[in-house]
Amino acid sequence: MMKQELSILILDTDEPTASNLKLLLAEIREVGVIVTMTDLSMALKQIKKSDPDVIVLSLYPSEDLSLKLAEKISHAHPHCMLFVTAPKASPELIIRAMRLGAREFWLQPFRSEEVKNGIHAALRLKNRSEACSVNGKVISVFGVKGGVGATTIAVNLAVAIAQRTLKDVLLLDADFQLGHAGLYLNCKPKFSVLDIINNFNNIDPGLLKSTLAKSSSEVSFLGGPAGIEEADVIKPAHVEPLLSLLRPLFDYTIVDTRPVFDEINIRLLDEADLILAVANFDVPSIYNAKRCIDLFRRLGYDRDKVFLIMNRYVAHEVLDLEAVENSIGHPVFWRIPNQEYGTMIRSINEGMPMSQRMPKGRFSVSLAEMLDRFNGNLDAVPAGSAAANRPNRLRKLLSTWSE
Ligand SMILES: Nc1ncnc2c1ncn2[C@@H]1O[C@H](COP(=O)(O)OP(=O)(O)OP(=O)(O)O)[C@@H](O)[C@H]1O
Ligand SMILES: [Mg+2]
């Protein structure tokens, strides 16, 4: 549904200028709530609390301090549209502000026409993003232990879904530091998650979709930056806006995560409609699977949001499947067989996933059968429901881990 109103937060230490702008904004029909703050030390808290559509930040009197605040706002709240104002406009100042994510620069004293045009542009942008209503499903693939095959399953699942359903599928490599899922698909991305975060307010969703790297198997790909240390800029607060941007563009977004419970990962799992928890059929994996399933429960995830997959499965004379399920406290949804080493490595080195290179191989056949069994579940899950129903308990747990 399109919302016809914008909420606005004015951040200006100069009371008369702030009141003047508030009066001008109040005359615009599409403007809803307007909050004014002259004590900027509380600005970030207020933004978190009121989540405004537009933030108007005055760069006067201290440009450097205000630009630092602008930078913090852009990183922590990339979905808020940031406008800046100042009594003098040097090209250098405007460029600095724009680089930090400002969308508009209003000269003081304000001209009502300029303010009105800016607000209408903001409303168009907001409506455009709300109009993208595919509301696809997000499936996060999580290894309960390193090396169990999470990336292999995420990549091949993306390919299998794209090939079988002919729907739009994105593989998001959320190992932002050392991810290499793009290599499995032989994709050379032109830009990364970091570029999206840095330009959040200027992104045209349609253009983004059409310019993402695409594999020969018709899977779109997005991953972390090339420079490992640059990934540090990606923060937990970016996860929700990033997925909100991507979710409407693709029928399925498959997220390949790292096997850790840090805050970025928890948010990726939290936002997912389904979690595929990947384990191997050995004691260390089973031990971790039990601990992960327990944590998922404590995080408040529905039991039927989590699907346990035993990868590289070989029937075991010591470990009995039923006993393993009892010990983990969760049913095993699917078992994927071990594929012969040479074939698997060749598929990785050639950048052609098994599901594409060898669809009749036992790994690919098993994955396709898993998808068939899944399909009912995939269709039954209301997209976006997980995030919408996020329990307060989880918020509390998250807030003790961060911020
Ligand atoms: N079913 C399978 N049969 C044979 N080999 C497999 C299978 N699944 C994964 N592998 C192999 O196991 C290795 C690790 O796989 P992968 O990188 O997907 O694991 P991961 O869980 O993503 O690891 P990480 O913790 O590093 O992210 C790879 O060499 C992959 O080819
Ligand atoms: Mg991996």
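Before any of the text, the structure's been laid out above.
Computed from a predicted model, the values in this text were never measured in an experiment. (Residues numbered from 1 in each chain as written. Chains lettered and ligands numbered in written order. Predicted model: local features only at pLDDT ≥ 70, side-chain atom pairs only at ≥ 80, totals over all residues.)

Asks: Explain unusual backbone geometry to me, please; I cannot follow it from the model alone.
Replies: Note: most residues except glycine have negative phi, and most peptide bonds are trans. In this chain, Y60 is followed by P61 through a cis amide linkage whose omega measures 5 degrees. Tracing the sequence through the fold places P61 in the loop between strand 3 (54-58) and helix 3 (63-76). For D51, which is not a glycine, the phi torsion comes out positive at approximately 45 degrees. Take D51: it is sitting in the loop between helix 2 (43-50) and strand 3. For D51, a count of 12 C-beta atoms within 10 Å translates into the label exposed. Residues other than glycine seldom take positive phi values, yet E218 does so here, at roughly 70 degrees. Following the sequence through the fold, E218 ends up in the loop between strand 8 (213-214) and strand 9 (219-222). (Helix = DSSP H or I, 4+ residues; strand = E, 2+ residues; numbered from the N terminus. Buried ≥ 20, exposed ≤ 12 C-beta atoms within 10 Å, placed from the backbone.)

Asks: It is not clear to me how the nonpolar core should be interpreted in this structure. Could you clarify?
Replies: For soluble globular proteins, the rule of thumb is that nonpolar side chains tend to be buried together. Ranked by size, the top nonpolar core spans 75 residues in total, and within it A158, L171, I254, L276, A277 and V278 carry the most contacts. Setting aside residues no more than four positions away along its own chain, L276 makes contact with I139, V141, F142, I153, F307 and I309. Grouped together as the second largest cluster of nonpolar side chains are 33 residues, V31, A86, A102 and L123 included. (Core = buried A, V, L, I, M, F, W, Y, C linked by C-beta atoms within 7 Å. Contact = placed C-beta atoms within 7 Å.)

Asks: Got a minute to help me understand the packing of helix 10 (residues 236-246) against helix 11 (residues 263-271) in this structure?
Replies: The relative placement of two packed helices is expressed as an angle between their axes plus a distance between the axes. Running from amino to carboxyl end, helix 10 crosses helix 11 at an angle of 25 degrees, the nearest separation of the two axes being 8 Å. Between helix 10 and helix 11, the angle falls in the class roughly parallel. Here helix 10 runs over helix 11; the crossing is right-handed. Residues P236, V239, E240 and L243 of helix 10 pack against E263, I264, R267, L268 and E271 of helix 11. For the contact of helix 10 with helix 11, the residue count by class is five nonpolar, no polar and four charged. (Axes fitted to C-alpha atoms, helices over the stretch in contact; angles between N-to-C directions. Parallel < 35°, antiparallel > 145°, perpendicular 65-115°, else oblique. Left-handed = near helix turned anticlockwise from the far one by under 90°. Nonpolar A, V, L, I, M, F, W, Y, C, P; charged D, E, K, R; others polar.)

Asks: Looking at this structure, how should I read the site of ligand 1?
Replies: Around ligand 1 there are 17 residues in total, and G146, G149, A150, T151 and T152 lie nearest to it. For the shell around ligand 1, the secondary structure elements donating two or more residues are helix 6 (150-165), strand 12 (306-313) and helix 14 (341-350). Residue classes in the shell around ligand 1 are distributed as seven nonpolar, nine polar and one charged. (Near = placed C-beta within 6 Å.)

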